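# A structural walkthrough
One letter stands for each residue in the lines below.
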Amino acid sequence: KSADKLFSLSGLFAVYKPKGPTSAGVLNRLKERLLAEAGVQTNGNKRNQVLKIGHGGTLDSAAAGVLVVGIGKGTKMLRTMLSGSKKYTAIGLLGKATDTLDATGKVTEEKPYDQITKGDLENVLQKFTGDIMQVPPLYSALKKDGERLSTLMKRGEAVEAKPARPVRVYSLSLQQFQPPLFTLDVECGGGFYVRSLVSDIGKELSTCATMQELTRTKHGPFTLEEHALYEDKWTIDEIARSLEHCMSLLPGEPSHKKLKTEHPGETAVSCE
């Protein structure tokens with residue numbers, strides 16, 4: 001019965017990704033938990049391949065927050081999530097730069113920051129709001145010849161920076177300023193790197209900066225506070241309940257049941 005219920009689940013829901021594991025690692029853990037609860041043997045049994053599960057946008061392993069998950073036919077809806085808006089809370093550190101642009105990397109530069117005021121920082125944020133150009137970080141999930149740039153960098157291979165590309169920032173505000181730390185709230189579109197934003201803000205202020213912490217608080221209509229299931233809720237029944245609730249958030253999808261009768265390719269997810 002549990003197995004039947006598990007394999008009938010279909011749609012989008014959200015889980016909490018803690019700091020540390022990769023997004024793929026979190027999905028694998030979720031899949032293992034669900035298959036174990038359903039009593040499905042994974043060793044030598046290909047049925048676990050039938051459980052379709054995917055996520056709607058990678059969160060760095062050092063970051064935490066909302067990870068949108070598609071299960072069953074819901075995996076076909078994930079592509080629309082990739083381009084949807086996301087909200088983050090980021091803590092930046094003035095005066096230090098790292099090779100990864102976050103706290104996991106090696107310090108590559110140090111500069112004074114004592115001269116920077118709260119007003120200076122707020123004024124600079126205006127330059128990073130709206131449609132802007134951004135150079136993605138070298139340590140990223142972007143690929144060159146089929147391999148992630150971050151993998152090539154870790155192997156010590158020379159990697160050229162990707163060209164600047166257009167990205168969209170819907171809103172950007174300073175929440176706290178306690179030098180050398182500053183906290184930002186940002187809402188952005190797909191393909192945006194908050195690490196690059198923090199680094200670029202440092203350069204604009206004639207110093208350097210690196211991201212210390214990152215939390216994704218919203219992805220499309222799914223919020224960390226209301227919708228993200230923590231690991232103790234990764235059960236078939238909890239996910240079934242979450243699907244009922246989450247699918248009602250999507251425009252044109254008033255219920256989870258409706259998804260099963262429609263062609264999933266016709267589903268539009270409006271994230272702005």
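This one's a predicted model, so the numbers in the text were calculated from it and none came from an experiment. (Residues numbered from 1 in each chain as written. Predicted model: local features only at pLDDT ≥ 70, side-chain atom pairs only at ≥ 80, totals over all residues. Heavy atoms only, no water.)

## Here's the deal with the nonpolar core
Counting 36 residues, the largest nonpolar core has Leu 12, Phe 13, Val 15, Leu 30 and Phe 222 as its most contacted members. Among the elements of the structure, helix 1 (2–8), strand 1 (11–17), helix 2 (23–37), strand 3 (64–71), helix 3 (78–82), strand 14 (228–229) and helix 8 (236–247) are those that each provide at least two residues to this core. No other element matches the six residues that helix 8 contributes to this core. The residues touching Phe 13, leaving out its near neighbours within four places in the chain, are Leu 30, Leu 67, Val 68, Val 69, Ile 71, Leu 229, Ile 239, Ser 242, Leu 243 and Cys 246. The next biggest cluster of nonpolar side chains, apart from the first, holds 29 residues, and it includes Ile 132, Phe 182, Leu 205 and Leu 214. (Core = buried A, V, L, I, M, F, W, Y, C linked by side-chain atoms within 4.5 Å. Buried < 20%, exposed > 50% of the residue type's maximum accessible area, 1.4 Å probe, protein only. Helix = DSSP H or I, 4+ residues; strand = E, 2+ residues; numbered from the N terminus. Contact = heavy atoms within 4.5 Å.)

## As for the UniProt feature "domain: tRNA pseudouridylate synthase B C-terminal" (unreviewed entry) in the protein
Taking the UniProt record as the reference, the feature "domain: tRNA pseudouridylate synthase B C-terminal" (unreviewed entry) is found at residues 195–227. Secondary structure content for residues 195–227 is 42% helix and 39% strand, and the end C-alpha separation is 25 Å. (UniProt positions renumbered as here; feature names shortened; annotations may be inferred.)

## Here's the deal with helix 8
The terminal C-alpha atoms of helix 8, which comprises 12 residues, lie 16 Å apart, in line with the 16 Å expected from a rise of 1.5 Å per residue. For helix 8, the set of buried residues is Ile 236, Ile 239, Ala 240, Ser 242, Leu 243, Cys 246 and Met 247. Seen end-on, helix 8 carries its buried residues on one side only, within an arc spanning 165 degrees. (Expected span 1.5 Å × (residues − 1). Arc of directions from axis to C-beta.)

## Focus on the confidence of the model for the protein
For the protein, per-residue confidence averages 86 on the pLDDT scale, and 81% of positions sit at 70 or higher. Every residue in residues 253–272 is under pLDDT 50, and counting partners more than four places away or in other chains gives 41 contacts. (pLDDT = per-residue confidence, 0-100.)

## Some thoughts on the pairing of strand 3
The element strand 3 is largely enclosed, with a buried count of eight among its eight residues. In this sheet, strand 3 lies alongside strand 2 (residues 53–55) in antiparallel orientation, the contact comprising three bridges. Within the sheet, the bridge partner assigned to Ile 53 lies in strand 3 and is Ile 71. For strand 3 and strand 12 (residues 209–219), the ladder comprises two bridges, and the chain directions are parallel. Bridging across to strand 12, Gly 65 finds its partner in Arg 216. (Pairing = 2+ DSSP bridges.)

## What about the environment of Thr 207?
With respect to the secondary-structure elements, Thr 207 resides in the loop between helix 6 (194–204) and strand 12. Residue class for Thr 207 comes out buried when judged on its relative accessible area of 3%. Residues Thr 207 and Ala 97, spaced 110 residues apart in sequence, show a C-alpha to C-alpha distance of 9.1 Å. Other than its neighbours up to four places away in sequence, Thr 207 contacts Leu 94, Gly 95, Lys 111, Pro 112, Tyr 113, Ile 116 and Gly 202. Among the polar contacts made by the side chain of Thr 207, one reaches the main-chain carbonyl oxygen of Pro 112 at a distance of 3.1 Å. (Polar contact = N/O pair within 3.5 Å; in protein donor to acceptor, adjacent residues only side chain to side chain.)

## Focus on the pattern of salt bridges
Where side chains of opposite charge bring their charged atoms close, a pairing between them can arise. Inspection of the entire model under this criterion finds eight salt bridges. The closest approach of N and O atoms between Glu 238 and Arg 241, which form a salt bridge, is 3.4 Å. Linking Glu 238 with Arg 241, this pair stays in helix 8, spanning three residues, or about one helical turn. Where salt bridges share partners, they join Arg 29, Arg 33 and Glu 231 into one cluster. (Salt bridge = Lys/Arg side-chain N within 4 Å of Asp/Glu carboxyl O.)

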